[in-house]
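Each chain is listed here by its residues.
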Amino acid sequence: MSDVSVAALLRSDEPLVVIEAPAGCGKTFQGAAYARDMSQTLGQGRLLILTHTHGACGVFAERTRGLSARVDIRTLDSLIGQVATLYRRALGLPDNLSTWAYQDDGAGFGIMAEKVAGYLERHPIVRQALAQRYPVIVCDEHQDASEAQHRTIMALRLGGARLRIFGDPLQAIFASDKSDRAMAAALAQWEALKESAAFDELAHPHRWQAGTPALGQWVLAARTELKAGRSVPLNGPAVQGLHIVRADNVSPARTAYQVSRAQRTPIDAAVQGPVMVLAASNERVGALSAFWGRRIPVWEGHTRSALADLVQTAKAHRGDAEQLAQGVVRFASSIAGSGFSAGSHGDRLVKEVRDGCAKSARGKPGNIQRLAHHVLASPDHRGVALALKELSDLVDAKADGFGDIKVVHRSELRDAIRLKAFACPDEGYAEIARRRSQAMPVPPARTLSTIHKAKGLECDNAVLIAGDRDQFGGTRYARCKLYVALSRARHSLTIVVSQNNPSSLFNVA
């Protein structure tokens, strides 16, 4: 269980090697170094690195620069899509896979994975051909693989490919089913995979080596406790780089966050300078954005659901201006941190559309009518996009009734406006999703993020708000989510823990 033993096992003749890789322990370094070495020994084939995100593809591309003729780096969805495209008729899939896959918020990718996995399992000649092209495959973050994606990888092993699999069951936070039963099944699958393979584990906290080593050791110890089903101790000796703040949310509104003045002082001090503030849910991110008066930008990340919901509305209600107006209201409410709601703008917008803007208006009502006119003139995705462009212009101009609107999710709004350039909403969504995947944006130095969108990122300083029961229950999934949050910061980690309602995952006694 060392860097040396892992490196040796990766380079062995074992057909299947599994490496458990805790956050920050050198997984990407080991995988890229192995890829560099092995790519020079292959004959006609190429080494394949499979990831789950385009951001991870970019990291591996940087680490294997100059080897593009010998190393292919792509997402697992991309590989499955390639096979599905070649055999789409046999699989019963449509011709326009690149667009179809993104429909219904990407549901097509799961369907393709199921069909491709079964096809490779039934047709040895196909999996053997793939294995000849890619005789060595490195799989990154395998804990995020669905059952069908896992079957696809195992089929390539049956075809003769040598597999090197990295994963960490404590970072499995993207499962569609977050129940304890499903999480236990995923863990059992990981343990079975370990049993069937040559196995080793990375254990040195490299991420903290140039930061705060004591914090890295504490994070690894916390991982051990969480993995064993125990709580993380916050009542032990002081740890360099770890700060505990006790504070309770006293807001009477469920969706807001408020603490006493005395408790707020150390929280405000912790978010000065470069920092990533982490919250367990979108709702808490919104509350914290308001808590700091929208002064800390929200990190939107790659995956954002509001646009997918808007596209679904545009598809389902083409020609129905009133339903489209309601879709605009829902979307605008989701991207605005404050100032736009059904009561403030939305109800009037829907009424104007319903009434056909029959009565002229000025001021705020007149500006709302400007949105309605777009939907009435073009009751489809284009009219929706133009209404949102009008909204953006009115907010920027601080027009009557729109000066107090604070748009938090600017990227989401810009992408929605881009829909007007496409012939159909699905085509637009597919293209926008591809652009999102290929882009590798970097979060601001001072940012507010959900834990999900921070996965795979690291930062110098992090603040986790808040360690209470409503944000972190006692489930297996909550344990994974907490571990991802604890392992982001290299230098300092501040945990805000409730005094009266602390999460059972923390031992604060």
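Basis of the calculations
- Residues numbered from 1 in each chain as written.
- Predicted model: local features only at pLDDT ≥ 70, side-chain atom pairs only at ≥ 80, totals over all residues.
- Heavy atoms only, no water.
- UniProt positions renumbered as here; feature names shortened; annotations may be inferred.
- Helix = DSSP H or I, 4+ residues; strand = E, 2+ residues; numbered from the N terminus.
- Core = buried A, V, L, I, M, F, W, Y, C linked by side-chain atoms within 4.5 Å.
- Buried < 20%, exposed > 50% of the residue type's maximum accessible area, 1.4 Å probe, protein only.
- Contact = heavy atoms within 4.5 Å.
- Axes fitted to C-alpha atoms, helices over the stretch in contact; angles between N-to-C directions.
- Parallel < 35°, antiparallel > 145°, perpendicular 65-115°, else oblique.
- Left-handed = near helix turned anticlockwise from the far one by under 90°.
- Nonpolar A, V, L, I, M, F, W, Y, C, P; charged D, E, K, R; others polar.
- Pairing = 2+ DSSP bridges.
- Right-handed = clockwise from strand over helix to strand, strands pointing away.
- Arc of directions from axis to C-beta.

## Some points on the UniProt feature "domain: UvrD-like helicase ATP-binding" (unreviewed entry) in the protein chain
Then step 1. According to UniProt, the positions carrying the feature "domain: UvrD-like helicase ATP-binding" (unreviewed entry) are residues 108-175.
Then step 2. End C-alpha to end C-alpha, residues 108-175 measures 16 Å, and it is 54% helix and 15% strand.

## Topic: the nonpolar core
Then step 1. Met112, Ile137, Ile165, Leu388 and Leu391 are the most contacted members of the largest nonpolar core, which has 80 residues in total.
Then step 2. A per-element tally of this core places helix α15 (residues 321-335) first, with 8 residues.
Then step 3. Those residues in contact with Ile165, other than ones at most four positions away along the chain, are Leu16, Val17, Val18, Ile19, Cys139, His142, Ile153, Met154, Trp190 and Leu193.

## A short note on the packing of helix α14 (residues 305-316) against helix α19 (residues 410-418)
Then step 1. Between α14 and α19, the least distance of the axes is 9 Å, while the angle of their chain directions is 30°. What the angle tells us is that α14 and α19 run roughly parallel. When the axes of α14 and α19 are compared, the crossing they make is right-handed. Along its contact with α14, which presents Ser305, Ala306, Leu307 and Leu310, the element α19 presents Glu412, Asp415 and Ala416.
Then step 2. Looking at side-chain class alone, the contact of α14 with α19 contains 4 nonpolar, 1 polar and 2 charged residues.

## What to know about the packing of helix α2 (residues 27-39) against helix α3 (residues 54-63)
Then step 1. Between α2 and α3, the shortest axis-to-axis distance is 9 Å and the interhelical angle comes to 50°. One finds that α2 runs oblique with respect to α3. As for how α2 packs across α3, the hand of that crossing is right-handed. Along its contact with α2, which presents Thr28, Phe29, Gly31, Ala32 and Arg36, the element α3 presents Val59, Phe60 and Arg63.

## A short note on the pairing of strand β5 (residues 162-167)
Then step 1. Of all the 6 residues making up β5, 5 are buried; the element is thus mostly covered by neighbouring parts of the structure.
Then step 2. The sheet contact formed by strand β1 (residues 16-20) and β5 spans 5 bridges and is parallel. Paired with Ile19 across the two strands is Phe166, which belongs to β5.
Then step 3. Direction of pairing for strand β4 (residues 136-139) relative to β5: parallel, over a ladder of 4 bridges. The residue bridging Val136 from the neighbouring strand is Arg162, located in β5.
Then step 4. Between the parallel elements β4 and β5, the chain passes through helix α9 (residues 147-158) in a crossover that is right-handed.

## Description of the sheet that holds strand β6 (residues 198-201)
Then step 1. One open sheet accounts for 6 strands, arranged β3-β2-β4-β5-β1-β6; its pairing is parallel. Here the strands that pair on one side only, and so sit at the sheet edges, are β3 (71-75) and β6. Across the sheet, the axes of successive neighbouring strands diverge by a mean angle of 15°, strand direction being ignored.
Then step 2. Packing of α2 onto the sheet brings it into contact with β2 (47-51), β3, β4 and β5, and relative to β5 it is tilted by some 165°.
Then step 3. Across the sheet, α3 touches β2 and β3, and the angle it forms with β3 is around 160°.

## Some points on unusual backbone geometry
Then step 1. The omega angle of the peptide bond from Ile465 to Ala466 is 0°, so this bond is cis rather than trans.
Then step 2. Following the sequence through the fold, Ala466 ends up in strand β13 (residues 459-467).
Then step 3. You will see that Glu141, though not glycine, has its phi angle at about 50°, which is positive.
Then step 4. In this fold, Glu141 is placed in the loop between β4 and α9.

## Details of helix α8 (residues 124-133)
Then step 1. For α8, the set of buried residues is Val126, Arg127, Leu130 and Ala131. Relative to the axis of α8, the buried residues are bounded by an arc of 135° and lie together on one face. Along α8, the residues that are exposed and aim more than 90 degrees away from the buried face are Ile125 and Gln132.

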